[in-house]
Amino acid sequence: MPKQWFILHALSGHELKVKKNIASRVQQEEMEEIIGEVLIPSEKVSEVRQGKKTTVNRKFFPGYLLINIDLFNDDKSVNASAWTFIQNTPGVIGFLGGERPAPMSDDEVNSIVNQIEEKKEAVAPKVMFEPGETVKVTDGPFMNFNGVIEEVDPERGKLKISVSIFGRTAPVELEYWQVERSAE
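Just so you know, these numbers come straight off a predicted model, no measurement behind them.

Which parts of the structure should I look at to understand the pairing of strand 9 (residues 146-153)?
On a regular strand, each side chain points to the face opposite its neighbour's, so the side chains alternate between the two faces of the sheet. In the sheet, strand 8 (residues 134-137) pairs with strand 9 via 3 bridges, with the strands oriented antiparallel. Bridged to K136 within strand 9 is N146. The antiparallel hairpin formed by strand 9 and strand 10 (residues 158-165) contains 4 residues in its connecting segment, where G157 sits at a positive phi of about 70°.

In structure tokens form, the structure reads like this:
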């Protein structure tokens, strides 16, 4: 049978280790015919930590990986060498579906791969904002001022905010990371 995509359950936070373990063991044990690509669906997200803007990878499905594997023989029985290989990989809990995992449909796989491709280039903000929301400015000349969001531009990661200065409102354009939700 041809390789199919399955969902692999791993210890949360160990997805990358599992992927690397599988990749190195595939070459060592010459399993390229049976085991193909391993994917960790994720996107880059910007956030502010200790006053600094950082970019981190956020997984779509923490604790899960996608694996392209020839898991079943022609007679629909489980391929013992593939099954044992995966079960003996450190950090792997097992296949989603237990003893008889169901392969993912082509539509499901294509949808996830398309999401990965779309989000590969752009860095998404970790926090999303809505117009009318009150925020506190945490960086720039209007630091510590509160304002109301007038417009949200998710493409550019910018907000237009009305800030009250000396009794008058002034429109200010800031990046997402320069504000935080107000406690008011």
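Sorry if this is basic, but what is going on with the sheet that holds strand 6 (residues 92-95) here?
Two modes of strand pairing occur in sheets, parallel and antiparallel, and in both the strands are linked by backbone hydrogen bonds. Strand order across the open sheet formed by 4 strands is 2-5-1-6, with antiparallel pairing between neighbours. The sheet terminates laterally at strand 2 (35-39) and strand 6, the two strands that pair on one side only. With strand direction ignored, the average angle separating the axes of adjacent strands in the sheet is 30°. Where strand 1 (residues 4-10) and strand 5 (residues 64-69) come together, 6 bridges link them in antiparallel fashion. Along strand 5, the bridge assignment pairs I7 with L66. The sheet strands contacting helix 1 (residues 15-28) are strand 1, strand 2, strand 5 and strand 6, and the helix crosses strand 5 at an angle near 20°. On top of the sheet, helix 2 (residues 80-87) reaches strand 1, strand 2, strand 5 and strand 6; it is set at about 145° to strand 6, its chief contact.

Is there a simple way to explain the pattern of salt bridges in this structure?
For side chains of opposite charge, pairing can occur when their charged atoms come near one another. Throughout the structure, instances matching the rule amount to 5 salt bridges. A salt bridge links E29 to R25; the nearest nitrogen and oxygen atoms lie 3.3 Å apart. For E29, a relative accessible area of 41% corresponds to the partly exposed category. Residue classification places R25 among the buried residues on the basis of a relative accessible area of 14%. Of the charged contacts in the structure, one is a salt bridge between R58 and E43, with a shortest N-O distance of 2.8 Å. Highlighted residues: R58 in strand 4 (residues 52-59) and E43 in strand 3 (residues 42-49), separated in sequence by 15 residues.

Can you help me understand helix 2 in this one?
Note on helix geometry: an α-helix contains 3.6 residues per turn, so any two residues three or four positions apart are oriented the same way. Three or more residues of helix 2 are buried, namely A82, W83, F85 and I86. Along helix 2, the residues classed as buried sweep out an arc of 160° about the axis, all on the same side. Where helix 2 is buried, its residues contact strand 1, helix 1, strand 2, strand 5 and strand 6.

How should I be thinking about the packing of aromatic side chains in this particular structure?
One pair of aromatic rings is described through two measures. These are the centre distance and the angle between the planes. Summed over the entire model, instances satisfying the criterion amount to 5 aromatic pairs. Ring centres of F6 and F95 lie 5.9 Å apart, and the angle between their planes is 75°; on these two criteria the pair is classed as edge-to-face. Placement of F6 in strand 1 and of F95 in strand 6 is noted, with a sequence separation of 89 residues between them. The exposure class of F95 is buried, given its relative accessible area of 6%. Measuring from ring centre to ring centre gives 6.3 Å for F142 and F145, while their planes differ by 75°; the resulting arrangement is edge-to-face. You can call F142 partly exposed: its relative accessible area is 24%. Chaining the aromatic ring pairs together yields one cluster made of F6, F72, W83 and F95. The ring centre of F85 lies 4.2 Å from the NZ or CZ of R25, which sits over that ring.

Reading the values: rules and limits
- Residues numbered from 1 in each chain as written.
- Predicted model: local features only at pLDDT ≥ 70, side-chain atom pairs only at ≥ 80, totals over all residues.
- Heavy atoms only, no water.
- Pairing = 2+ DSSP bridges.
- Helix = DSSP H or I, 4+ residues; strand = E, 2+ residues; numbered from the N terminus.
- Axes fitted to C-alpha atoms, helices over the stretch in contact; angles between N-to-C directions.
- Contact = heavy atoms within 4.5 Å.
- Salt bridge = Lys/Arg side-chain N within 4 Å of Asp/Glu carboxyl O.
- Buried < 20%, exposed > 50% of the residue type's maximum accessible area, 1.4 Å probe, protein only.
- Arc of directions from axis to C-beta.
- Phe/Tyr/Trp six-rings, centres within 6.5 Å; stacked < 30°, edge-to-face > 60°.
- Lys NZ or Arg CZ within 6 Å of the ring centre and 35° of its normal.

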